[in-house]
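One letter stands for each residue in the lines below.
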Amino acid sequence: MGLLTFTLIPLAQAADVPMASEAEQLKFEIQQLKLINDKQAQTLRQMEQRLYIVEQGGSTSSTQASQQKVAGKSDVVKEALPSASIDNMMEEEHALFSNDFTLELGMNYSHYDRKELVLEGFLALDAIFLGDISVDDISADIFTFDMTGRYNINDHWQLGVNIPFVYRESTFQRNINGVGAEASVNEAGLGDITLTSAYKLFTETENRPDIVWNLSIKTPSGSDPYGTSTVTKTVNNGGNSDQVTYPKELPTGSGLWSISNSLSFVKTTDPAIIFANLGYTYNFAGNFDDISSADGDQPGDVRLGNSFYYGLGMAFALNERMSTSLSFSQRISQNGETRLKGGSWQEIFGSNGNAATFNIGVTYALSEKLSMSTSLGLGLTPDAPDYSLSLKFPYRF
């Protein structure tokens, strides 16, 4: 019996040797799988966070500040702030409340070219024209250099000011019966300073866009166009003569106070951002010592037509630094009115307007704080510029 007991003990120990080795091997493999699984889980979390950033238009650096460490769990993204490329678009089309102060330097160039065929005579037998045929051509180039400051009082309210400097040159041509007359005039000076306010009414949710209420007041700091005298230039050629009449000087502003009230909307979708705005501008009447181009002062009042405007478009973030946008905007203005001193208001025929523009924009983040925004506008109606180019450099403090 003792021999039996002695024999069984070594057999059991001999059986435990491979079992113990197998257990250790299994433990080792399980540990390795856990390490691999943890690494894969971490990679998966990073990919999920990156996907969320891309969908929300956020950047990696700004997201790190939005993460919260949960005990025993992974980092959880609480909020993704916009990337630099999306910031640029938001600042131009909507409002950006994430920076304390933004200083922006910009330049805009607009070109107008209008040709009119003028017939001075009559039709004989409804087919033959007897008289003079003239072609009037008016072209204008306007350069605006401006400085804009935006200060965020809090994460919902922003105040700003825009100070423009305007240079404009216009060329007037008249060609009748082969005799042409041409004259050009230019002007430079301070434009109309604009004060702005933006207030975020609602923050974007899954079913609601980001909504901002915008209010702006334009001051008559630029030179006004009323009472400007005209000059007539006469050209003689082979017994024929032609003359062109043009203003002695050009304005750099409207000369009137105006207030604009609008709402802007931004909604993040996949993979684009949709934006829109809707607004109304009211022009106050102003009194001037002279409102006529004729000789002598003719005091009176001027009231420009109020206007309704809207715009819509979409933007795409190409990468962390660059985004592009496509948009359409239109402004419809009513006829203006004048009133001589002691008289009644008279509507200015043909002073209404309909300016529609298609815009293509590209923004690029030069650094964390400095960006470049470019835009090309193509006029779709006669009252809009033929084309316009803008270049802006916002710097965020």
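How each quantity is defined
Residues numbered from 1 in each chain as written. Predicted model: local features only at pLDDT ≥ 70, side-chain atom pairs only at ≥ 80, totals over all residues. Heavy atoms only, no water. Pairing = 2+ DSSP bridges. Helix = DSSP H or I, 4+ residues; strand = E, 2+ residues; numbered from the N terminus. Core = buried A, V, L, I, M, F, W, Y, C linked by side-chain atoms within 4.5 Å. Buried < 20%, exposed > 50% of the residue type's maximum accessible area, 1.4 Å probe, protein only. Contact = heavy atoms within 4.5 Å. Salt bridge = Lys/Arg side-chain N within 4 Å of Asp/Glu carboxyl O.

> A description of the sheet that holds strand β13 (residues 286–288) should follow, citing residues and the corresponding values.
If you trace the four strands from one edge of the open sheet to the other, you get β13-β14-β17-β18, paired in antiparallel fashion. Every other strand in the sheet has two partners, leaving β13 and β18 (346–347) as the edge strands with one partner each. One ladder, built from two bridges, connects strand β17 (residues 337–340) with β18; its direction is antiparallel. When the bridges of β18 are listed, Glu337 appears paired with Glu347.

> So what's going on with the nonpolar core? Residues and values would help.
Counting residues in hydrophobic clusters, the biggest one holds seven residues: Phe172, Ala181, Ala183, Val185, Val244, Tyr246 and Leu250. If you list the elements that add at least two residues to this core, you get β6 (179–190) and β10 (240–247). A per-element tally of this core places β6 first, with three residues. Residues contacting Val185, with those up to four places away along its chain left out, are Arg168, Glu169, Ser170, Phe172, Pro247, Lys248, Glu249 and Leu250. Leu256, Phe288, Ile291 and Val302 belong to the second largest nonpolar core, which has five residues in total.

> So what about the side chain of Thr102? Which residues, and what values?
By the element assignment, Thr102 lies in strand β3 (residues 101–124). Looking at Thr102, the relative accessible area reads 3%, which means it is buried. In contact with Thr102, other than residues within four places in its own chain, are Glu91, Thr148, Gly149, Arg150, Pro394, Tyr395 and Arg396.

> Go over the pattern of salt bridges, please, and point to the residues and values.
Once the charged atoms of two side chains with opposite charge are near each other, the side chains can pair. Scanning all chains against the criterion turns up six salt bridges. Between Asp386 and Arg114 there is a salt bridge, and its shortest N-O distance comes to 3.0 Å. With a gap of 272 residues between them, Asp386 in the loop between β20 (371–379) and β21 (387–396) and Arg114 in strand β3 connect regions that are remote in the sequence. Relative accessible area serves as the criterion here: at 25%, Arg114 is assigned to the partly exposed category. Asp301 is paired through a salt bridge with Arg339; the nearest N and O atoms lie 2.6 Å apart. On the criterion of sequence distance, the pair formed by Asp301 in strand β14 (residues 300–303) and Arg339 in strand β17 is long-range, its members being 38 residues apart. Judged by relative accessible area, Asp301 falls into the buried class, the value being 14%. The exposure class of Arg339 is partly exposed, given its relative accessible area of 26%.

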